[in-house]
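# Fold and contact review
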Amino acid sequence: MTAPRQHAIVIGSSVAGLLAARILSDHFERVTVLDRDSLPDEPEPRKGVPQATHVHILLRRGGLILEDLLPGFDVELAQAGAPLINWTSDFVYFTPAGWGPRFPSTLTTRGGSRGLLEYTLRHRVAARSNIALEARCEAIGLLTNEDRSKVTGVRLNYRDRTSDARSNLPGDLIVDASGRTSHVLDWLTDLGYTPPAETVIDSHLGYATRVYQRPPHFAADWRVMMVRARPPYGTRGGLIYPIEHDRWMVNLGGAGDERPPTDDPAFVEFMRTFIHPALYEAIKDTEPLSPVYGYRRTENRWRHYEQLTRWPENFVVLGDAAYAFNPIYGQGMTVAGLEAQALDRWLRTAQGCLDFQKSLAKVVRLPWLLATNEDSRIPGVEGNARPNRLDALLQRYIDEVVWLASADAVTFETFVRVSHLTAPPTALMQPHIALGVLKRWLRRLKPAGQSTDSIPAAPAARLPAG
Ligand SMILES: Cc1cc2nc3c(=O)[nH]c(=O)nc-3n(C[C@H](O)[C@H](O)[C@H](O)COP(=O)(O)OP(=O)(O)OC[C@H]3O[C@@H](n4cnc5c(N)ncnc54)[C@H](O)[C@@H]3O)c2cc1C
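Residues numbered from 1 in each chain as written. Predicted model: local features only at pLDDT ≥ 70, side-chain atom pairs only at ≥ 80, totals over all residues.

A count of helices and strands for the protein chain gives twelve helices and 20 strands. On C-alpha atoms alone, the protein chain measures out to a radius of gyration of 23 Å, which is about the 23 Å that the 2.2 N^0.38 rule sets for 466 residues. In terms of principal-axis extent, the alpha carbons of the protein chain reach across some 70 × 50 × 40 Å. Pairs at least 24 apart in sequence give 72% of the contacts found in the protein chain among residues at least 6 apart. (Helix = DSSP H or I, 4+ residues; strand = E, 2+ residues; numbered from the N terminus. Rg over C-alpha atoms; globule rule 2.2 N^0.38 Å. Contact = placed C-beta atoms within 7 Å.)

What follows is the structure, encoded as structure tokens:
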């Protein structure tokens, strides 16, 4: 990027936009972040991010990136009441293979609501002296030079102004981080550019989420509970996830005909249909604090900017506006962190904006494969998701890993580390695990996990977080 570095503009002040702004503030004299929404002074969900009423797991990799970009972020979350979660000792996980093992490890993340995560992030980013946030300010188009080869700014609509609501904001780099509902395809078309091809893989997963007060005397030594079927055992599942103020977010999911209901008492009854009743048992007598929120826009969507040959300079797209993932794998915010790191690397070079889009495609490839490979197993999945022979073999391998993980600590921890994007999927091929899978294949072992009845006890010893 060779343009002057005076003013960068970010469209969208959610996780991807705020992390991009944090990076841009190191490279530009000033950064303006626009959002069409009101930005609350409290850690609460807001209209412009409708997914904020649902569980948002910050994966370990994402937590590490945020801490690196904003030192002290984790402590701030802790001070706001977000609980620490150890994913091998505080997490009880039931799959068709049975309960996963529980043992000490250092695999921790910070829980908390999406509202709290975003509020803390916004407040930290806005505290930087060269970043300004503009709420209720909607980007309605891009400004360009005469031959439309460069984006030179953003056309704005100030939502609360009765006069002079429309104005132009010039900038040296414009970043679109306006999420799944971004208008970027229309804007590019209006400027005479060919919009990118899209790959969409849709498992038709539905979400239903409700907040509960954790009962004060609830006797349990776990912090997160997940009960989840996998094809061919169905797609229904649910999660109890701890958020600040001793509350639980209860998130139910299912694909196609198995999508969860959003009304009472069907929400609770749905948990009874799971492959294990533990979630239902934990919730059935608990007082809800919120209505049930539904969500259905969960498809994986890759916009192939990296394949384009013509692209305006001084303009990039990132976050959900470029690549959106089925949220059940909890990757979106962590991918936004990885993309912010890629933005930093790119700004240290003199490459063009299309080169940035190409570098992003490399960054998201792995999370995309993890999400779509799993989704392609779901009956009724739509999109170009038919696995080739190698994918099919890998899926069978992963199936065996899941069975193995229910009884083997090394396999379980490796599986969780891969899911948290802190270990590459090849870690699942290490000799210990490969041998275990091979033995299962050779003996044609029947599914055999731990006892399917009771939740395994927490380990006596705990390792310090880290
Ligand atoms: C149901 C659900 C559950 C999820 N769970 C997880 C999870 O567990 N873990 C995880 O890491 N990720 C999760 N995600 C994904 C996560 O929400 C996103 O990946 C993350 O918020 C990054 O998105 P973003 O910042 O690109 O866009 P968004 O979060 O969608 O934000 C876009 C922003 O742009 C603003 N905006 C839009 N248009 C304009 C405009 N024209 N002008 C100005 N502002 C505009 C909006 O108001 C909004 O603030 C989940 C997503 C969903 C749908």
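How two helices pack is summed up by the angle between their axes together with the distance between the axes. Orientation of helix H10 (residues 389-405) relative to helix H12 (residues 431-443), taken along the N-to-C sense of each, is 100°, at an axis distance of 9 Å. By the angle between their directions, the pair H10 and H12 is classed as roughly perpendicular. From H10, Tyr397, Glu400, Val401, Trp403 and Leu404 reach across to H12, where they touch Ile433, Gly436, Val437, Arg440 and Trp441. (Axes fitted to C-alpha atoms, helices over the stretch in contact; angles between N-to-C directions. Parallel < 35°, antiparallel > 145°, perpendicular 65-115°, else oblique.)

As a further point, take H10. For an α-helix the count is 3.6 residues per turn, leaving residues at separations of three or four pointing the same way. Across its 17 residues, H10 extends 24 Å between first and last C-alpha, which sits within 8% of the 24 Å expected from 1.5 Å per residue. Regarding H10, the residues found buried are Ile398, Glu400, Val401, Trp403, Leu404 and Ala405. Looking at the buried side of H10, the elements it contacts are helix H11 (409-419) and H12. (Expected span 1.5 Å × (residues − 1). Buried ≥ 20, exposed ≤ 12 C-beta atoms within 10 Å, placed from the backbone.)

Successive residues of a regular strand alternate their side chains across the two faces of the sheet. Sheet topology note: the strand S12 (residues 198-201)/strand S18 (residues 300-303) ladder contains four bridges and is antiparallel. For glutamate 198, the partnering residue across the bridge sits in S18 and is arginine 303. With two bridges joining them, S18 and strand S20 (residues 323-324) adopt antiparallel strand pairing. Directly across from arginine 301, in S20, lies its bridge partner alanine 324. (Pairing = 2+ DSSP bridges.)

Once that is clear, we can look at the sheet that holds S20. Whether parallel or antiparallel, the strands of a sheet pair through hydrogen bonds between backbone atoms. One open sheet holds the three strands; their spatial order is S12-S18-S20, and the pairing between them is antiparallel. Pairing within the sheet leaves two strands with one partner each, and these edge strands are S12 and S20.

Take the sheet that holds strand S1 (residues 7-11) next. Strand order in this open sheet of five strands is S7-S2-S1-S11-S19, and the pairing throughout is parallel. The open sheet has two edge strands with one neighbour each: strand S7 (131-134) and strand S19 (315-317). Between one strand axis and the next, the sheet turns by 15° as a mean value, whatever way the strands run.

Between proline 231 and proline 232 the backbone carries a cis peptide bond, its omega angle lying at 10°. Mapped onto the elements of the fold, proline 232 is located in the loop between strand S14 (224-228) and strand S15 (237-243). With an omega dihedral of -5°, the bond running from aspartate 264 to proline 265 counts as a cis peptide bond. Note that proline 265 resides in the loop between strand S16 (247-255) and helix H6 (266-272).

Here helix H4 (residues 114-126) spans 18 Å end to end across 13 residues, near enough to the 18 Å set by a 1.5 Å rise per residue. With ten of 13 residues buried, H4 is to be regarded as a mostly interior element. Taken residue by residue, H4 has Arg114, Gly115, Leu116, Leu117, Glu118, Tyr119, Thr120, Leu121, Arg122 and Val125 as its buried positions.

Not every one of the 38 residues close to the ligand is listed here, only the nearest: Gly12, Gly48, Gly179, Gly319 and Gly332. Elements supplying a minimum of two residues to the shell around the ligand: helix H1 (15-24), strand S8 (137-144) and helix H8 (332-347). No other element matches the four residues that H8 contributes to the shell around the ligand. A class-by-class count of the residues in the shell around the ligand yields 15 nonpolar, 17 polar and six charged. (Near = placed C-beta within 6 Å. Nonpolar A, V, L, I, M, F, W, Y, C, P; charged D, E, K, R; others polar.)

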